[in-house]
Amino acid sequence: MKATTQEILVNLFQIIDRNCTNNLRSAQSESIQKAILKKFFKASEVVIEHKEDITLIRLKSILSDSPDTEALIEIESSQLKSFLCDCIKKDTHGITFYTNMLHYLTTNKKA
């Protein structure tokens, strides 16, 4: 039975919730976060730095004419979960990507 878009999103949001709520800073949880950010911002590189109560996200766009162009997003660490979920919700063309991501995560039990 094929999962609906809503089921896929609910499951993905649960994984993000576990990663962010438990304040996991593992390579696995960070790679999930980076994949979401790369997809949403069309970034070639994402660096996430956790500092006290702030999370810094550095993005290099694949669409920029200058390879050194970088964007910096600073958010409260407590808002990281909702920020990532909002990226997914607003990505209206990314359901195939997120379906494959969820399949990979559940198959490999790395979430």
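Our subject is the structure listed above.
Computed from a predicted structure; not experimentally measured. Chains are numbered independently. Their residues run from 1 in the order of the written sequence. Where local features are concerned, this predicted model is filtered to residues with pLDDT of at least 70; where side-chain atom pairs are given and counted, the filter is 80 or more; whole-chain, interface and lining totals use all residues. Side-chain measures here rest on the full set of heavy atoms in the structure, leaving out hydrogens and waters.

Draft legend 1. Layout of the pattern of salt bridges. Salt bridge criterion: a side-chain nitrogen from Lys or Arg within 4 Å of a carboxyl oxygen from Asp or Glu. One pass over the full model with this rule turns up six salt bridges. Here Lys51 and Glu49 are joined by a salt bridge, their closest N and O atoms 3.7 Å apart. You can call Glu49 partly exposed: its relative accessible area is 27%. We note a salt bridge from Glu49 to Arg58, for which the minimum N-O separation is 2.7 Å. Among the ionic contacts, a cluster of salt bridges with common partners joins Glu49, Lys51, Arg58 and Glu70. Exposure categories follow from relative accessible area, calculated using a 1.4 Å probe and restricted to protein chains: below 20% of the type maximum is buried, above 50% is exposed, and the middle band is partly exposed.

Draft legend 2. Structural view of the packing of aromatic side chains. Each Phe, Tyr or Trp ring (for Trp, its six-membered ring) is paired with any other whose centre lies within 6.5 Å, and the angle between the two planes then decides the class: stacked below 30 degrees, edge-to-face above 60, tilted in between. Here the structure, examined in full by the defined rule, presents three aromatic pairs. Here Phe40 and Phe41 contribute two aromatic rings whose centre-to-centre distance is 5.0 Å and whose plane-to-plane angle is 90 degrees, an arrangement assigned as edge-to-face. In this structure Phe40 comes out as partly exposed when scored by relative accessible area, which is 26%. For Phe41, a relative accessible area of 29% gives the class partly exposed. Seen in terms of ring centroids, Phe97 and Tyr98 are 5.2 Å apart; in terms of plane orientation they differ by 80 degrees. Their pairing is edge-to-face. The class for Phe97 is partly exposed, based on a relative accessible area of 31%. Taken together, Phe40, Phe41 and Phe83 form an aromatic cluster joined through their ring pairs.

Draft legend 3. Structural context of unusual backbone geometry. One non-glycine residue, Lys42, lies in the positive phi region at around 50 degrees. Secondary structure elements are taken from DSSP: a helix is a run of H or I of four residues or more, a strand is a run of E of two residues or more, and numbering for both begins at the N terminus. Within the element layout of this structure, Lys42 appears in the loop between α2 (27-41) and β1 (43-51).

Draft legend 4. Region of the structure containing the packing of helix α1 (residues 5-21) against α2. Close contact between α1 and α2 brings their axes to 10 Å; oriented N to C, the two are set at 125 degrees. Judged on the interaxial angle alone, α2 and α1 are oblique. For the pair α1 and α2, the sense of crossing is left-handed. Only Ser29, Ile32, Gln33 and Ile36 of α2 make contact with α1, whose side of the interface consists of Ile15, Ile16, Asn19 and Cys20. Across the contact of α1 with α2, the residue classes tally to five nonpolar, three polar and no charged. Lines fitted to C-alpha atoms define the axes here, with helix axes fitted over just the stretch in contact, and angles between the N-to-C directions of these axes take values from 0 to 180 degrees. Roughly parallel refers to an angle under 35 degrees, roughly antiparallel to one over 145, roughly perpendicular to one between 65 and 115, and oblique to any angle outside these ranges. With the far helix as reference, a near helix turned anticlockwise by less than a right angle produces a left-handed crossing, and one turned clockwise produces a right-handed crossing. We call two residues in contact whenever any of their non-hydrogen atoms come within 4.5 Å of each other. Note on residue classes: Ala, Val, Leu, Ile, Met, Phe, Trp, Tyr, Cys and Pro are nonpolar, Asp, Glu, Lys and Arg are charged, and everything else, Gly too, is polar.

Draft legend 5. Local environment of α2. Over its 15 residues, α2 runs 20 Å from end to end, which matches the ideal 21 Å to within 8%, given 1.5 Å per residue. Of all the residues in α2, the buried ones are Ser29, Ile32, Gln33, Ile36 and Leu37. Down the axis of α2, the sector holding all buried residues measures 125 degrees, keeping them to one side. In the segment just after α2, Lys42 is the residue with positive phi, at about 50 degrees. Expected helix span is computed as 1.5 Å times (number of residues minus one). Taken from the helix axis, the directions to the C-beta atoms give the arc we talk about.

Structural measurements only, silent on function.
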